[in-house]
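One-letter residues, chain by chain:
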Amino acid sequence: MREQIVPASAISGAVELPGDKSISHRYGMLAAIAEGATKIANYSSGADCRSTLECMRSLGAGVDIRDGLVCIAGQGLDGLREPAGMLDAGNSGSTIRMLSGILAAQSFVTRIGGDESLSRRPMDRIMNPLAEMGARIEARENRFPPLTIRGGRLHPIEYTLPVASAQVKSCVLLAGLYAEGKTRVHEPVRTRDHTELALREFGADVEVQGRSITVTGRPRLVGKELRVPGDLSSAAFFLAAALMVRESALTIHNVGLNPTRTALLDFLAEMGAQIKILDVRAAGGELAGDVLVRKSAVRGGLLEKARTAALIDEIPVLAVLGAASEEGLVVRDAAELRVKETDRIATIAENFRRMGLKIEVRADGFEVPGRQSFHAAELDSFGDHRIAMAFAVAALIADGPSILEGSEAARVSFPEFFDTLHRVAG
Ligand code: S3P
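Keep in mind that what you see is a predicted model, and the values were worked out from it rather than measured.

A.B. asks: Help me understand the side chain of Ser-170, please; the structure alone is not making it clear to me.
C.D. replies: Secondary-structure assignment places Ser-170 in helix H5 (residues 166–176). One polar contact links the side chain of Ser-170 to the main-chain carbonyl oxygen of Ala-166, over a distance of 2.6 Å. Once you skip the residues sitting within four places of it in the chain, Ser-170 turns out to touch Arg-26, Met-98 and Thr-195.

A.B. asks: Can you help me understand helix H11 (residues 344–354) in this one?
C.D. replies: Helical geometry note: an α-helix holds 3.6 residues per turn, so side chains three or four residues apart project in the same direction. Along H11, the residues that are buried comprise Arg-344, Ile-345, Thr-347, Ile-348, Ala-349, Asn-351 and Phe-352. At its buried positions, H11 is contacted by helix H10 (315–324), strand S20 (360–362), strand S21 (365–368), strand S22 (378–380) and helix H12 (385–395). A side-chain oxygen of the first residue of H11 lies 3.2 Å from the backbone nitrogen of Ile-345; this N-cap is Asp-343. Looking at the residues trailing H11, positive phi occurs at Gly-356, about 75°.

A.B. asks: Hey, could you run me through the site of the ligand in this one?
C.D. replies: The environment of the ligand is formed by Ser-22, Arg-26, Ser-94, Arg-125, Ala-164, Ser-165, Ala-166, Gln-167, Arg-192, Ile-312, Asp-313 and Lys-340. Between the ligand and Ser-22 there is a distance of 2.7 Å, counted from an oxygen atom to a side-chain nitrogen or oxygen. With respect to the ligand, the side chain of Lys-340 contributes an N or O atom lying 2.6 Å from an oxygen atom. Coverage of the ligand by the protein amounts to 93% of the 390 Å² it exposes when considered alone. Looking at the shell around the ligand, the elements with two or more residues in it are helix H1 (21–33) and H5. Along the lines of polarity and charge, the residues of the shell around the ligand split into three nonpolar, four polar and five charged. Among the domains, domain 1 (2–19 + 229–424) and domain 2 (21–215) are the pair contributing at least three residues each to the shell around the ligand.

A.B. asks: Could you clarify how one ought to interpret the environment of Val-189 in this entry?
C.D. replies: Its place among the elements puts Val-189 in the loop between strand S11 (182–186) and helix H6 (194–202). Linking Val-189 and Lys-305, residues 116 residues apart in sequence, is a C-alpha distance of 8.9 Å.

A.B. asks: What is the right way to look at the side chain of Ser-117 in this model?
C.D. replies: Within the secondary structure layout, Ser-117 lies in the loop between strand S7 (109–113) and helix H4 (124–133). Relative accessible area serves as the criterion here: at 11%, Ser-117 is assigned to the buried category. Each residue touching Ser-117, except ones within four places of it in the same chain, is listed here: Asn-91 and Glu-341.

A.B. asks: I keep staring at unusual backbone geometry and nothing clicks. Help me out?
C.D. replies: What is expected of a backbone is that most residues other than glycine have negative phi and most peptide bonds are trans. Here the amide bond leading from Pro-145 into Pro-146 is cis, since omega sits at 0°, within 30 degrees of zero. Position of Pro-146 relative to the elements: it lies in strand S9 (residues 144–150). Even without glycine at this site, Lys-305 takes up a positive phi of about 50°. Look at Lys-305 and you get exposed, because its relative accessible area is 59%.

A.B. asks: Whenever I open this one, the sheet that holds strand S1 (residues 2–5) confuses me. Can you help?
C.D. replies: Hydrogen bonds between backbone groups are what pair the strands of a sheet, and the pairing can be parallel or antiparallel. Reading across from one edge, S1-S23-S22 is the order of the three strands in this open sheet, with mixed pairing throughout. At either end of the open sheet lies a strand with only one pairing partner, and these are S1 and S22. Going across the sheet, the axis of each strand differs from the next one's by a mean of 25°, ignoring polarity. Relative to strand S23 (residues 402–405), S1 is paired through four bridges, and the arrangement is antiparallel. What sits directly across from Gln-4, in S23, is Ile-403.

A.B. asks: What is the right way to read the pattern of salt bridges from this model?
C.D. replies: Oppositely charged side chains can pair when the atoms bearing their charge come close. Evaluation of the coordinates by the stated rule reveals 34 salt bridges. We note a salt bridge from Arg-218 to Asp-78, for which the minimum N-O separation is 2.6 Å. Taken as a pair, Arg-218 in the loop between strand S13 (212–216) and strand S14 (225–227) and Asp-78 in the loop between strand S5 (69–75) and strand S6 (87–88) lie far apart in primary sequence, 140 residues in all. Residues Asp-313 and Arg-192 are paired through a salt bridge, measuring 3.2 Å at the closest nitrogen-oxygen approach. You can see Asp-313 sitting in the loop between helix H9 (305–310) and H10 and its partner Arg-192 sitting in the loop between S11 and H6, a full 121 residues away along the chain. For Asp-313, a relative accessible area of 11% gives the class buried. One continuous salt-bridge network, built from bridges that share partners, spans Arg-121, Glu-341, Arg-344 and Asp-384.

A.B. asks: Hey, could you run me through the packing of aromatic side chains in this one?
C.D. replies: Two measures describe an aromatic ring pair: the distance that separates the ring centres and the angle between the ring planes. Overall, the coordinates contain seven aromatic pairs when judged by the stated rule. The interplanar angle of 65° and the centroid separation of 6.4 Å between the aromatic rings of Tyr-27 and Phe-202 together place this pair among those described as edge-to-face. Taken together, the residues span a long stretch of sequence, with Tyr-27 in helix H1 and Phe-202 in helix H6 at a distance of 175 residues. Given the relative accessible area of 1%, Phe-202 is considered buried.

A.B. asks: Can you help me understand the domain arrangement of the chain in this one?
C.D. replies: Frequently, the measure chosen for interface size is the accessible area that the parts lose on association. Along its sequence, the chain is organised into domain 1 (2–19 + 229–424) and domain 2 (21–215). Computed over C-alpha atoms only, the centres of domain 1 and domain 2 are separated by 28 Å. Contacts between the two partners involve 28 residues from domain 1, matched on the other side by 27 residues from domain 2. A buried area of about 2,200 Å², summed over both sides, lies between domain 1 and domain 2, and 46% of it is on carbon and sulfur atoms. By the criterion of area lost to domain 2, the three top residues of domain 1 are Thr-260, Glu-341 and Val-412, representing 24% of everything that side buries. We note a salt bridge from Glu-341 to Arg-121, for which the minimum N-O separation is 3.8 Å. Taken together, the connections running from domain 1 to domain 2 amount to 16 residue pairs in polar contact (both at pLDDT 80 or more).

A.B. asks: Any chance you could explain a nonpolar patch on the surface here in plain terms?
C.D. replies: Residues Ile-277, Val-280 and Leu-287 make up a contiguous nonpolar surface patch of about 220 Å² in total accessible area. Mapped onto the fold, Leu-287 is located in strand S17 (residues 286–294).

Reading guide: rules and limits
Residues numbered from 1 in each chain as written. Predicted model: local features only at pLDDT ≥ 70, side-chain atom pairs only at ≥ 80, totals over all residues. Heavy atoms only, no water. Helix = DSSP H or I, 4+ residues; strand = E, 2+ residues; numbered from the N terminus. Polar contact = N/O pair within 3.5 Å; in protein donor to acceptor, adjacent residues only side chain to side chain. Contact = heavy atoms within 4.5 Å. Buried < 20%, exposed > 50% of the residue type's maximum accessible area, 1.4 Å probe, protein only. Near = heavy atom within 4 Å. Areas by Shrake-Rupley, 256 points an atom, 1.4 Å probe, with all protein chains shown as cover. Nonpolar A, V, L, I, M, F, W, Y, C, P; charged D, E, K, R; others polar. Domains from an automatic or database assignment. Pairing = 2+ DSSP bridges. Axes fitted to C-alpha atoms, helices over the stretch in contact; angles between N-to-C directions. Salt bridge = Lys/Arg side-chain N within 4 Å of Asp/Glu carboxyl O. Phe/Tyr/Trp six-rings, centres within 6.5 Å; stacked < 30°, edge-to-face > 60°. Buried area = accessible area lost by both parts, 1.4 Å probe. Patch = residues over 30% accessible without salt bridge, like charges linked within 9 Å, V, L, I, M, F, W, Y side chains within 5 Å.

Laid out in structure tokens, this is it:
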């Protein structure tokens, strides 16, 4: 699909965003292996989280969507059954990587794969720890989907993550639910902790000491009523739009404010963004609140090391904001961007080139000068949801109407994105 985006004179009003993608995946998976019913309000409407629900349904969990609530009939830790065919994770790295932890402990063989983009993403990062726990997994070229997972009895391990990855940490913790004893994961930098929080909500015993997380195997997980906060990574597109477009003042209601995700707000505030957070509340171990943002002169800055890892999903839109900032943006230590839904360093650079924007690309990052003029262009999502949304935002400050090819990619995390954008952009 092609979407036309015209320059905006203000981003204003109030929006409420779909449920957080990371939290939705975790609630969907844990509900299926808990005992009894779980009801989830504001479950992400994106295709990725639907892929998780479809997989859980194929594994025998009852999944029903009623009155906007996702209702899951849990089968208990040992109640999943062999699916009739190959599980389809679609575009979702979170689904295949985290679910593999559960599949590795089943007494049946499962095949799981996904679309063309997912089929190019590395899975050795989860295959290695799961093999250490006793699972046998085959993959295309030993590292790419589809995976054939021959599960069985797992034993607990102590595992130090070689890359900062919440998906890998979660995969090992979920497998650890099935291993007798304590499974421990050490992370090089702190990554999002939604799995730890969700596990506790469902009744598992999880201990966190610094950057080491320990789960005790064979817990009794019990179904719950839960509400997913809005997705801060989706809010990032609206924050950037409001910061860049003159006369903007926007309220984003009910945004997830888990401290392992809010590096974005800290970074923007350091750059001089006028952002206020109101009415913070806690639910299901997670925090949520309302975020107010106004057009601001943003200085620009440097992203490296742990901060790059914490902001990895927001980098496409931060690149756009960087080009409009006073001093530009430098991104280092971001090799992971090369193995996301697209090679995001390459797809950011290509859309920059089309808009006449300067960018200097490195193997593991890039540098974007500030105070640049955005030219209307034919842009492309390259099938990547965050590239689609980042460049829709860039088009708001271009010198004429732009076209975004492949705009349907946004459906992966945010099907309502363009409707919401057109509404707040008047
Ligand atoms: C996610 C973790 C991050 C992130 C992804 C979602 C999660 O990936 O980029 O969009 O829900 O755990 P990594 O685990 O590769 O860091």
